[in-house]
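# Report on the structure
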Amino acid sequence: MRRLPTFSKAALAAKCAFPWNGGIAWPEQITSDAANFGIAVHRAAELLALWGTAPLDAIAEHYGLHGSELKRFHLTVGWVADFIRGEREQWSFAAAEVAFAVDPFVDESRILEQDGPRDYSRARPAELCGTADLVTVVGEQLIVSDYKTGRYKMGADPSADAQMRALGYAAARAYGYDSVEVRLLNVDEGGVRMTRRLLDVIDLATIRLELLGVVRDTGEVHNPTPKPGSHCAQQWCPIASVCPATQKTIAQINPELQLTADIRSPEHAARLREQVAVAKKALAALDTAIKEYAKRHPIPLGNGKVLGQQERTRRTIECTPEAVAALGRYGVSGAVESSVNMAGIKRAVKGVCANGQAAGTMRAIMAELEKLGVVKTRTYTTIAEIKRQ
Ligand code: SF4
């Protein structure tokens, strides 16, 4: 049966419809530790919203979180619990993990029954689906919230995010509201950072047109072609490993390479492993060549940025007994491992500070370390994506 993109893939579908109309079977999704961490945080947040409590140890065990990941999970969910506790009293309605199926042709949305998370098998062929982490009503306002773990989409404007726009539209139509507040909640061991925007009646009508465009573009077309670009990696194309455009690029690097995610035998897997090693080397050489080129000629990337040379400064901290004592006074001596660096101190500060206090504490620590004369500044150049002026 024809498959339409989910809300989370709407932005990718707008750039390249080939995963949906190219007739290529999608490779099986392989779960990673990062994905398991994110799912565990979502499960905990869902139960915290519904019951006010969650069996964190059982969730962590189920998703195989151990060691530093387990510590990170407890810190992150601690912040989520604080956030939900602060919000819950205002809710006159709350539902977690709500799956929607929308039909933009008739301008309607419905709540979809599921047999498990992300099960959209009951959707009709012309419906686009997606799941909201949390739907609440505060006063007269409908609110749709989506958790992002780690730095993913940190600070992004939710009214410019294709997934949040679709979720807002779906919730507003399903619950019968003319406007909806959409919230991106970035959660990590440093706290919960929220960005929110209101989608009004005109925004909702515009989103309906955008979704109609997604249905049209991903429909069956004559000679569908992949459209490669930065979106292939940045938006996690589900068929990147088997896409003909990717294969062609690899073949241009080395015509001998025949990479495919369809592993047929142990021997085939061993051969592929060798080829992957060759491909990695070829790609690394290509990456170096691109960076060398970008040093001389900034490369426009088509996303409003250029790849070019940029000067940066890095601050390192000399690990003197006075520096260690100063860090201990702020309860972050855990940042001292074999050496001290800014990133290590930042991580430790986030672990011990209350929500909203980490930045101030970090400034105070750095001022003290500067006074001790242990902060060294080094200037270096790197190749990076830079916003066009
Ligand atoms: S890898 Fe890129 S070009 Fe290929 S299908 Fe995916 S988005 Fe399109």
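Residues numbered from 1 in each chain as written. Predicted model: local features only at pLDDT ≥ 70, side-chain atom pairs only at ≥ 80, totals over all residues.

## Digging into the site of the ligand
Quick reminder of the rule: Placing the C-beta atom from the backbone, one calls a residue near a molecule or strand if that atom lies within 6 Å of it. The helix count covers DSSP runs of H or I at least four residues long, the strand count covers runs of E at least two residues long, and both are numbered beginning at the N terminus.
The immediate surroundings of the ligand are formed by 14 residues, with Cys16, Pro226, Cys232, Cys237 and Cys243 found nearest. For the shell around the ligand, the secondary structure elements donating two or more residues are helix H2 (18–21), helix H8 (231–234) and helix H9 (244–253).

## Digging into the domain arrangement of the chain
To keep things clear, this is the line we draw: Boundaries of every domain are those given by an automatic assignment or by a domain database.
For the chain, the domain assignment lists domain 1 (7–217), domain 2 (254–291) and domain 3 (311–387). In this structure, domain 1 and domain 2 have C-alpha centres spaced 35 Å apart.

## Some points on the confidence of the model for the chain
Put simply, the test is: A residue's pLDDT is the predictor's confidence in that residue, given on a scale from 0 to 100.
In this model, the chain carries an average pLDDT of 86, and 93% of its residues clear a pLDDT of 70 or more. When the elements of the chain are averaged for pLDDT, strand S9 (residues 340–341) gives the smallest value, 70, and helix H6 (residues 162–175) the largest, 97.

## Observations concerning the environment of Tyr293
Under the convention used in this document: Around each residue's C-beta, the other C-beta atoms within 10 Å are counted; 20 or more make the residue buried, 12 or fewer make it exposed, and counts in between make it partly exposed. All C-beta atoms are placed from the backbone.
Its place among the elements puts Tyr293 in helix H10 (residues 266–296). The exposure class assigned to Tyr293 is partly exposed, which follows from the 13 C-beta atoms found within 10 Å. Remark: the alpha-carbon pair of Tyr293 and Gly308, spanning 15 residues in sequence, is separated by 8.9 Å.

## Describing the environment of Gly191
Note the cut-off: We call two residues in contact whenever the C-beta atoms placed from their backbones are within 7 Å.
Among the structural elements, Gly191 can be located in strand S6 (residues 191–199). Judged by C-beta crowding, with 21 C-beta atoms within 10 Å, Gly191 ranks as buried. Sequence separation between Gly191 and Thr6 is 185 residues; the distance between their C-alpha atoms is 28 Å. Contact partners of Gly191, with chain neighbours within four places excluded, come to Trp79 and Asn355.

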